[in-house]
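Summary of structural features
Now for the letters of each chain:
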Amino acid sequence: MAHTVEKIGGTSMSRVNELRDTLFIGGREGSDLYGRIFVVSAFGGITNLLLEHKKSGEPGVYAQFANQDTGHGWHDALTRVAAAMREAHRAVLEHPGDIEQADAFVSERIESARNCLIDLQRLCTYAHFSLAEHMMQTRELLSGIGEAHSAFATTLMLRRAGVNARFVDLSGWHDKGGFSLDQRIEGAMEAIDAAAEMPIVTGYAQCAEGLMREFDRGYSEVTFSRLAALTGAREAIIHKEFHLSSADPNLVGQDAVRKLGRTNYDVADQLSNMGMEAIHPKAAKTLRQAGVPLRVTNAFEPEDPGTLIDDQPAETAAVEIVTGLDILSLEVFEQDMVGVKGYDAAILETLTRHDVRIISKVTNANTITHFVDAPMKVMKRVENDLVKLYPNAGVSVRPLALASAIGRDLNGLSVLTRGLQAIAAAGLEALGAAQGPRNVDVQFILEREDLAPVIKALHGEYVEGGEGKGGSLRAVA
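How each quantity is defined
- Residues numbered from 1 in each chain as written.
- Predicted model: local features only at pLDDT ≥ 70, side-chain atom pairs only at ≥ 80, totals over all residues.
- Heavy atoms only, no water.
- Helix = DSSP H or I, 4+ residues; strand = E, 2+ residues; numbered from the N terminus.
- Phe/Tyr/Trp six-rings, centres within 6.5 Å; stacked < 30°, edge-to-face > 60°.
- Buried < 20%, exposed > 50% of the residue type's maximum accessible area, 1.4 Å probe, protein only.
- Lys NZ or Arg CZ within 6 Å of the ring centre and 35° of its normal.
- Salt bridge = Lys/Arg side-chain N within 4 Å of Asp/Glu carboxyl O.
- Pairing = 2+ DSSP bridges.
- Axes fitted to C-alpha atoms, helices over the stretch in contact; angles between N-to-C directions.
- Left-handed = near helix turned anticlockwise from the far one by under 90°.
- Contact = heavy atoms within 4.5 Å.
- Nonpolar A, V, L, I, M, F, W, Y, C, P; charged D, E, K, R; others polar.
- Expected span 1.5 Å × (residues − 1).
- Arc of directions from axis to C-beta.
- pLDDT = per-residue confidence, 0-100.
- Core = buried A, V, L, I, M, F, W, Y, C linked by side-chain atoms within 4.5 Å.
- Parallel < 35°, antiparallel > 145°, perpendicular 65-115°, else oblique.

**A word on unusual backbone geometry**
The phi dihedral of Ser414 falls on the positive side, at around 50°, and the residue is not glycine. Within the element layout of this structure, Ser414 appears in the loop between strand S12 (394-406) and helix H16 (415-425). In this model, Asn439 sits at a positive phi of 55°, which is unusual for a non-glycine residue. For Asn439, the location among the structural elements is in the loop between strand S13 (432-435) and strand S14 (441-446).

What follows is the structure in C-alpha cells.
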C-alpha cells in the first residue's frame, strides 16, 4: 500500500484537538482515513521539564537528578511533570472516561520512573557502581515518557471520534531491550495493517544504539525517517505551525515572504548548518538514500500542499532562502604559522573536545578564524586551552552574526556582489563574505546588531526584487 509517514511536533501537539477534524479526519470516511502513520512528539514543554529547557537550560528532572547523587530535588520536578502532563491532555481530551485513562497512564509512567531512579540512587551508594555510567540510559528513560503520553492521549482522542487509531509504543517500557532501532520499529509494525488502522507512534524509540547518544533532542525525526524508510512510504511529511518561507516574516514582513513550495535536500542541509533545521541532517540522509521525498506543511492549513523536498536540482537558478544566526568568531593569529602544519588540526581537536558546532571558517597566511555556534562560556574554555597550547599566539573570541542566502542553484546570479551592494545601500557593512564553488549558499559576516536589517535588505534584493523565489525558515525549533 502507498502510505505516508507523518510527524507532528511538540508545539502543534499541544493543539492536537484542533487537528482532529482537519488533519487526521478532514472529511475522510472509511478506508480513506487510513494509509497514514503518525509519529508524535511530546506535548509542548514536557520534554523541557523532563530533561532541561532547550533554550534557557533551566534544569528539569534529568538535570536535577544528574547533579544530586543522593538529593531529592528531582522528586518535586517529577511531580511537576505529572501535573503538566495532566494539564496537557485535559486541554485536548473531552470525554471524562478518556481523561481518566490518560490520568492513570501518567500516574503509572511517572511513579514507575520515580521508583527506578530511587533504586538507581540506592544502587550507586555502593562504590562498585557509578551514577555517571547510567546517565545516558536515565536520559532516555525520562525522555520516552513524554512521547508515550502524547501518543496515548492522541489515540484516545481519535478513537472517541470513530477513528481506528492504534497506540504504538516504541519506548521499550518494561520490555527486555537489546533491539536495534530497525528491529524495534519492524517488531512494532509487524502486526499493524495501515490500510485499516491509524498507528500513532512514539517519537522516541528505545534501541541498543541509544538515540540520544548521537541525536539528543533530534531523536524523533530520526525515528520518523527510519520508519518511513523501513515501511517504504511514498512520502514523509512533517507538520509544523508554519510554512517554510523565504525569510522570517517577523523580520521582513508577512506580505513580503514567499512559501518555498519546492526545494531539495541540499538546501535542507544548508539550513541545518545554520541551526534552523527543516529536518535533522541524519534524518534527511535516511530519507534521501531510501528515495523517500519529504514534505513540510503547516499543520493548521491542511489544504495547502506545503513544500516538497527531494533530490532534484532546480529548474532555474534562484535564491530561495535568506536566514541568519548569532555566532562567535574564534580567531587564532600566530606570526610563525606561515608554512607550518598542525595549527588547524590542533584547533579543530580543541573545538571537537568541547563539542563546539562549526558554521564556517576562513584562513590566511598566519590567521585561522572559525565561526561557531556555541555558548560564550564554552568558547572561553576553548580560548584558554589554545592559549596554553600556543602561548605566543593571539587568541580572541568575539560575538558576531552570520547572514546566508541559500538556494539549490545560485549560478549566474552574482549573489555575492549583489549582496554586498544591498548591505552597503542599507548603510551597513559586511565584515566578511564567502561563496563556495558549489553555488548553493553565500555567507556574510556582520556585527550582531546588523543581522536583522541585513536579512531584510538581502531579502529585498534577492526575493522581493523578483530574482529569487524563497527564503529563510521561520523560527524553527
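**Section: the packing of aromatic side chains**
All told, the structure shown has 7 aromatic pairs when counted by the stated rule. An angle of 50° between the planes, with centres 4.6 Å apart, marks the rings of Phe24 and Phe38 as tilted. Note that Phe24 is positioned in helix H2 (residues 16-24) and Phe38 in strand S2 (residues 36-40), a separation of 14 residues in sequence. Owing to a relative accessible area of 0%, Phe38 belongs among the buried residues under this scheme. For the pair Phe105 and Phe152, a centre-to-centre distance of 4.4 Å together with 10° between the ring planes defines the contact as stacked. Of this pair, Phe105 sits in helix H6 (residues 96-123) while Phe152 sits in helix H7 (residues 135-160); the two residues are 47 residues apart in sequence, bridging distant segments of the chain. A relative accessible area of 10% places Phe105 in the buried class. An aromatic cluster is present here, built from Phe105, Phe152 and Phe167 joined pairwise through their rings. The ring of Tyr62 has Arg139 lying over it, and the distance from NZ or CZ to the ring centre is 4.8 Å.

**Examining the pattern of salt bridges**
Enumeration according to the criterion identifies 30 salt bridges in this entry. One network of salt bridges, in which partners are shared, links Glu52, Arg139, Asp216 and Arg217.

**Considering the pairing of S12**
In terms of strand pairing, strand S9 (residues 321-333) meets S12 through 13 bridges, oriented antiparallel. Paired with Gly324 across the two strands is Ala403, which belongs to S12. Taken together, the 6 bridges between S12 and S14 define a ladder with antiparallel strand orientation. Across the sheet, Ile406 pairs through a bridge with Asp441, a residue of S14.

**Quick notes on the packing of helix H8 (residues 181-189) against helix H10 (residues 219-230)**
Close contact between H8 and H10 brings their axes to 10 Å; oriented N to C, the two are set at 65°. The chirality of how H8 crosses H10 is right-handed. Contacts between H8 and H10 involve Leu181, Asp182, Ile185, Glu186 and Met189 on the former and, on the latter, Val222, Thr223, Arg226, Leu227 and Leu230. Its residues assigned to classes, the contact of H8 with H10 comprises 6 nonpolar, 1 polar and 3 charged.

**Comments concerning helix H15 (residues 376-389)**
Taking 1.5 Å of rise per residue, 14 residues should cover 20 Å, and H15 covers 20 Å from first to last C-alpha, within 8% of that figure. Among the residues of H15, those classed as buried are Val378, Met379, Val382, Glu383 and Leu386. In a view along the axis of H15, the buried residues occupy a sector of 145°, so they form one face of it. Those residues of H15 that are exposed and angled more than 90 degrees off the buried face are Lys377 and Lys388. Elements that come into contact with the buried residues of H15 comprise S9, helix H14 (343-353), strand S11 (367-373) and S12.

**Concerning the confidence of the model for the protein**
Here the protein averages 91 in pLDDT, and 96% of its residues register 70 or above. Considering only residues more than four positions removed or in separate chains, one finds that residues 466-477, a stretch of pLDDT under 50, has 57 contacts.

**Regarding the nonpolar core**
Ranked by internal contacts, the top residues of the largest apolar core, which has 104 residues, are Phe24, Leu142, Ile200, Phe224, Leu287 and Leu294. If one sorts the elements of this core by residue count, H7 sits on top with 10 residues. Apart from the residues within four sequence positions on either side, Leu294 is in contact with Phe224, Ala236, Ile237, Ile238, Tyr265, Ile279, Leu287, Thr307, Leu308 and Ile309. Counting 23 residues, the second-largest nonpolar core is a separate cluster that includes Val252, Val257, Val319 and Val442.

**Quick notes on the sheet that holds strand S8 (residues 307-310)**
Strand order across the open sheet formed by 8 strands is S3-S4-S2-S1-S5-S7-S8-S6, with mixed pairing between neighbours. Across the chains shown, the open sheet's two edge strands, defined by having one partner strand only, are strand S3 (165-168) and strand S6 (262-264). Averaged over all pairs of adjacent strands, the angle between their axes in this sheet comes to 25°, without regard to strand direction. Pairing of S6 with S8 involves 3 bridges; the strand directions are parallel. Each residue of the ladder has a partner; that of Asn264, found in S8, is Asp310.

**So, the packing of helix H12 (residues 265-273) against helix H13 (residues 281-290)**
The axes of two packed helices give the description: the angle between them and the distance between them. Viewed as axis vectors pointing N to C, H12 and H13 meet at an angle of 170°, and their least axial separation amounts to 10 Å. Our classification of the angle between H12 and H13 gives roughly antiparallel. Contacts between H12 and H13 pair Tyr265, Asp269 and Ser272 from the former with Pro281, Ala284, Leu287 and Arg288 from the latter. Here the residues of the contact of H12 with H13 are counted per class, giving 4 nonpolar, 1 polar and 2 charged.

**Some remarks on the environment of Ala148**
For Ala148, the position within the fold is in helix H7. Judged by its relative accessible area of 0%, Ala148 is buried. For the pair Ala148 and Ala205, spaced 57 residues apart in sequence, the C-alpha separation works out to 9.8 Å. Sequence-distant contacts of Ala148, defined by excluding residues within four places in its chain, comprise Phe105, Arg109, Phe167, Asp169, Ser171 and Thr202.

**Description of helix H17 (residues 451-464)**
For H17, built from 14 residues, the straight-helix expectation of 20 Å at 1.5 Å per residue is met to within 8% by its first-to-last C-alpha distance of 18 Å. Along H17, the positions that sit buried rather than exposed are Leu451, Val454, Ile455, Ala457, Leu458, His459, Tyr462 and Val463. Packing partners of the buried residues in H17 comprise helix H11 (249-252), S9, S12, H16 and S14.

**What to know about the sheet that holds S11**
If you trace the 6 strands from one edge of the open sheet to the other, you get S10-S11-S9-S12-S14-S13, paired in antiparallel fashion. Looking along the sheet, the strands with just one partner apiece sit at the ends: strand S10 (357-363) and S13. On average, each strand axis in the sheet is tilted by 30° relative to the strand beside it, whichever way the strands run. Here S13 pairs with S14 via 4 bridges, running antiparallel. Residue pairing in the sheet places Ala434 in a bridge with Gln443 of S14. Against the sheet, H17 touches S9, S12 and S14, its axis set at about 130° to S9.

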